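Here's the letter readout for the chains.
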Amino acid sequence: QVHLVESGGGLVQPGGSLRLSCAASGFIFSRYTMSWYRQAPGKERELVASITSAGGSTTYADSVKGRFTISRDNAKNTLYLQMNSLKPEDTAVYYCKAPISYRDYWGQGTQVTVSS
């Protein structure tokens, strides 16, 4: 049974940093590209960043390039998102996603609020 659990969200001031984690279980984590998405109130869910199975390649949305870093620890079955220089427009629920066998699995999400 695939299980994804995000953590690390919270309230942070503009310019601050947060590190999100996504603990994965129920599948062979090291075989799959993993992604972070986010959804702000009233907006569609959008891709933030992706990382290939071995971590050799990453992609980012233009809005977060240079500020966010996606990484993974395959020994710990964990995906990370380091978020620096946070802006109010980064406020959203952040989700990790695992595409397995033609289906997308999602975690429950973690709220990130950037506000002074």
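Above this text sits the structure in question.
### Let's talk about the layout of surface pockets
Taken as a whole, the largest pocket holds about 150 Å³ of empty space. Surrounding the largest pocket, Arg38, Gln39, Ala40, Lys43, Glu44, Glu46, Glu89, Thr91 and Ala92 form its lining. Looking at the lining of the largest pocket, its residues break down into two nonpolar, two polar and five charged.

### Overview of the pairing of strand β9 (residues 92–100)
Among the nine residues of β9, eight are classified as buried, and the element is accordingly described as predominantly covered. Bridge analysis of strand β4 (residues 34–39) against β9 gives five bridges, and the strand direction is antiparallel. Note that in β9 the partner of Ser35 across the bridge is Lys97. Where β9 lies against strand β11 (residues 110–114), three bridges are found, and the strand directions are antiparallel.

### Focus: the sheet that holds strand β7 (residues 68–73)
Pairing within the open sheet is antiparallel, and its four strands lie in the order β1-β3-β8-β7. On the outer flanks of this sheet lie β1 (3–7) and β7, each paired with one strand and no other. Direction aside, the axes of adjacent strands within the sheet are offset by 15 degrees on average.

### Observations concerning the packing of aromatic side chains
Taken as a whole and assessed by the stated rule, the structure comprises four aromatic pairs. Residues Tyr95 and Trp106 carry aromatic rings whose centres are separated by 6.3 Å and whose planes lie at 90 degrees to one another, so their mutual orientation is edge-to-face. Of this pair, Tyr95 sits in strand β9 while Trp106 sits in strand β10 (residues 103–106), and the two are eleven residues apart along the sequence. Grouping aromatic residues by their ring pairs yields a cluster made of Phe27, Phe29 and Tyr32. The lysine or arginine in question, Arg45, covers the ring of Tyr95, its NZ or CZ lying 3.8 Å from the ring centre. The ring of Trp106 has Arg45 lying over it, and the distance from NZ or CZ to the ring centre is 4.5 Å.

### Details of the side chain of Thr110
Take Thr110: it is sitting in strand β11. From its side chain, Thr110 meets the backbone nitrogen of Gly9 in a polar contact 3.1 Å long. Every residue in contact with Thr110, bar those within four places of it in the chain, is listed here: Glu6, Ser7, Gly8, Gly9, Leu20, Ala92, Val93 and Tyr94.

Thresholds applied
- Residues numbered from 1 in each chain as written.
- Predicted model: local features only at pLDDT ≥ 70, side-chain atom pairs only at ≥ 80, totals over all residues.
- Heavy atoms only, no water.
- 1 Å grid on protein atoms, 1.4 Å probe; cavity = no way out; pocket = protein on both sides within 12 Å on 5 of 7 lines; lining within 4 Å.
- Points joined across faces, edges and corners; volume = space filled by probe spheres on them.
- Nonpolar A, V, L, I, M, F, W, Y, C, P; charged D, E, K, R; others polar.
- Buried < 20%, exposed > 50% of the residue type's maximum accessible area, 1.4 Å probe, protein only.
- Helix = DSSP H or I, 4+ residues; strand = E, 2+ residues; numbered from the N terminus.
- Pairing = 2+ DSSP bridges.
- Axes fitted to C-alpha atoms, helices over the stretch in contact; angles between N-to-C directions.
- Phe/Tyr/Trp six-rings, centres within 6.5 Å; stacked < 30°, edge-to-face > 60°.
- Lys NZ or Arg CZ within 6 Å of the ring centre and 35° of its normal.
- Polar contact = N/O pair within 3.5 Å; in protein donor to acceptor, adjacent residues only side chain to side chain.
- Contact = heavy atoms within 4.5 Å.

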